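# Summary of structural features
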Amino acid sequence: MASAPRVRFAPSPTGYLHIGGARTALFNYLYARRFGGTFVLRIEDTDLERSTPESLKAILDGLKWLDIDWDEGPDKGGPYPPYFQTQRLDTYRQHAEQLIAAGKAYRCYCTQEEIRERRALAEKENRAYKYEGTCRERTDAPEGRPYVVRLKMPSQEGSVSFDDLVLGKITKEYSDLDDWVMLRGDGIPLYNFGCVIDDHLMDITLVARGQEHVNSTFPQLMLYQALGWQPPQFAHLPLILGPDREKLSKRKHKEADVMLHKANGILPEALLNFVIRLGWSHGNDEIISRQQMIEWFDFKDVGTTSGVWNPDKLLWLNQQYLKTLPSSDIAGRLAPFLAEKGHPLPAGDRRLEAFVLAFRERARTLEEMAAMAVPYLKQGVTLDEKAAAKHLTADSLKLVQQVRDEVATLPEWSVAGLDAVIKAVSERAGVGMGKVAQPIRVAVTGNTVSPGIGETLLLMGKEEALRRLDAALARG
RNA sequence: GUCCCCGUCGUCUAGAGGCCCAGGACGCUGGCCUUUCAAGCCGGUAACACGGGUUCGAAUCCCGUCGGGGACACCA
């Protein structure tokens, strides 16, 4: 492969961006970036029933959110247009005609009902259905009757094989193949046909796709052969499995939806990092930057075994990114989650970054972080009765009173100053800092869990903090 | 059912014949730190599916068994 690689991601716009699709897109993208190649996005919208513009938009939005950008395709154009299969119908028809003229394909007039019946029969008799070639040698061309175009498989013994970049050599006997349909009655191509024609015409050098496609590679190879074309290289990626160990599917697994993770407060960096480690590895590296991905990725390091979705690890990774990405960056991403909870803060509001700093070691998602921040944005607080009973005793309220008085006179409402007061009060009382900090924490947050006490008070703001302390004091 | 692929800790994986009585990560778990919760640090738990070969030597090669998944459309 002397020239720069051309790879593609070819989704069908029949739903949102699937997590498996996202990984396939990522692998293709990384390969193109690493080897100075081109990443093509082609839309396989030949399923007229199910393809929708909304789905197309959802897929494009998903890729953009993940920051996987394509070099050629929708919104971009490129030297091999069009990039939508429904706009390439003439091309498919021409190739089909050419194959028919060469005697390598034929018109089949069997009706769908007939085929369906025969298939049902085969199923009943527990054998695999193969089209029996009824129209294979047919020479007449009944006027006005609809037909599909089938590719002729060799009648002799033999086999096709290819060298998969991840699976190695795979072979299939001709006898296991049948004369498959390339063109429907309405002239719309089927997947195996459109895919081959386009991959070739778009000069795709390497096709990387999910392992569910290995079996369709054989009929495709037969088409390359019939056309006298050189097939591209293939790399079949291991599947991503749900918790039930079945292929992650939109119907059964909600986590298959890329954008659901966005809504859950997962960062795209973390999602990609998680997903790349499903089936690919670089030694013991776990946290891998985009730059490293590009530097290291190769299909030869892709594994052969399917991987099970592991939400715990995704969450862990997400927190790693929450902790290490610039806090100002995270702050901007946190805002929509707060707005969602009824607390829209203006962009650049200093509290946003303060929340990030306070909660990124405690929250695993932006969603959790926002939930943690809400009590600091509301007025007033509801005390957890158990916590109050334990920590807001008559004795401890005396300490709370001292803290309240001293803190109110502080020239500056800062972590250092606030912590100093807590420390001073506890020393004076001859008790550990916990004896003072916990009652304050409960008074101010309603509960026993929060960031450091100085930080908590700071986040609360002087006015609201004093108000809550007074409320707790009034209680006793 | 037929065909195809796969089989290392619960999960993701490192491992390309001796460096492995198998390493890392998540999870779980013990401890340290500590004003709570986290985070962090130190430690523990747990796997080469099974049976035959090949070899001085196998997680690594071969065969079989079992197990899992995928594909069998005028869907992609």
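For the structure itself, consult the block above.
Thresholds, definitions, all that
Residues numbered from 1 in each chain as written. Chains lettered and ligands numbered in written order. Predicted model: local features only at pLDDT ≥ 70, side-chain atom pairs only at ≥ 80, totals over all residues. Heavy atoms only, no water. Helix = DSSP H or I, 4+ residues; strand = E, 2+ residues; numbered from the N terminus. Rg over C-alpha atoms; globule rule 2.2 N^0.38 Å. Buried < 20%, exposed > 50% of the residue type's maximum accessible area, 1.4 Å probe, protein only. Disulfide = S-S within 2.5 Å. Near = heavy atom within 4 Å. Polar contact = N/O pair within 3.5 Å; in protein donor to acceptor, adjacent residues only side chain to side chain. Salt bridge = Lys/Arg side-chain N within 4 Å of Asp/Glu carboxyl O.

## Considerations on the overall build of chain A
Of regular secondary structure, chain A possesses 19 helices and 11 strands. For 476 residues, the compact-globule estimate of 2.2 N^0.38 gives 23 Å, and chain A exceeds it by more than 25% at 31 Å. Seen through its principal axes, chain A has C-alpha atoms that stretch 105 × 50 × 35 Å. Here chain A holds 476 residues, and 51% of them are scored as buried.

## Concerning the state of the cysteines
Summed over all chains, the structure comprises zero disulfides. Of all cysteine sulfurs in the structure, the one in C110 sits closest to C135, which takes part in no disulfide; the separation is 3.6 Å.

## A short note on the protein's contact with RNA strand B
Around RNA strand B, 61 residues are found, and the nearest of them are D47, K172, R184, E361 and S450. When atoms of RNA strand B within 4 Å of the protein are sorted by moiety, sugar and phosphate together comprise 73%. Residue K313 places a main-chain N or O atom 3.2 Å away from a sugar or linking oxygen belonging to RNA strand B. W316 has a polar side-chain atom sitting 3.5 Å from a phosphate oxygen of RNA strand B. Among the elements of the structure, helix 4 (112-124), strand 6 (168-173), helix 6 (214-227), strand 11 (307-308), helix 10 (311-324) and helix 17 (433-445) are those that each provide at least two residues to the surface near RNA strand B. Per-element accounting of the surface near RNA strand B gives the leading share, six residues, to helix 10.

## Regarding the environment of I115
Structurally, I115 is set in helix 4. Between the C-alpha atom of I115 and that of A105, which follows or precedes it by 10 residues, the distance is 18 Å.

## Overview of the pattern of salt bridges
Evaluated as defined, the whole model comprises 35 salt bridges. With its nearest N and O atoms 3.6 Å apart, the salt bridge here joins K64 to D75. Taken together, the positions of K64 in helix 2 (residues 53-65) and D75 in the loop between helix 2 and helix 3 (89-101) put the pair 11 residues apart, joining distant regions of the chain. Classification of K64 by relative accessible area gives partly exposed; the value is 47%. Judged by relative accessible area, which is 63%, D75 ranks as exposed. In this structure, D179 engages R136 in a salt bridge whose closest nitrogen and oxygen atoms are separated by 2.9 Å. Here R136 lies in the loop between helix 4 and strand 4 (148-151) and D179 lies in the loop between strand 6 and strand 7 (181-183), a separation of 43 residues in the sequence. Comparing D179 with R136, the two get one shared label, buried. A network of salt bridges, in which partner residues are shared, links R8, R42, E44, R88, D198 and D199.

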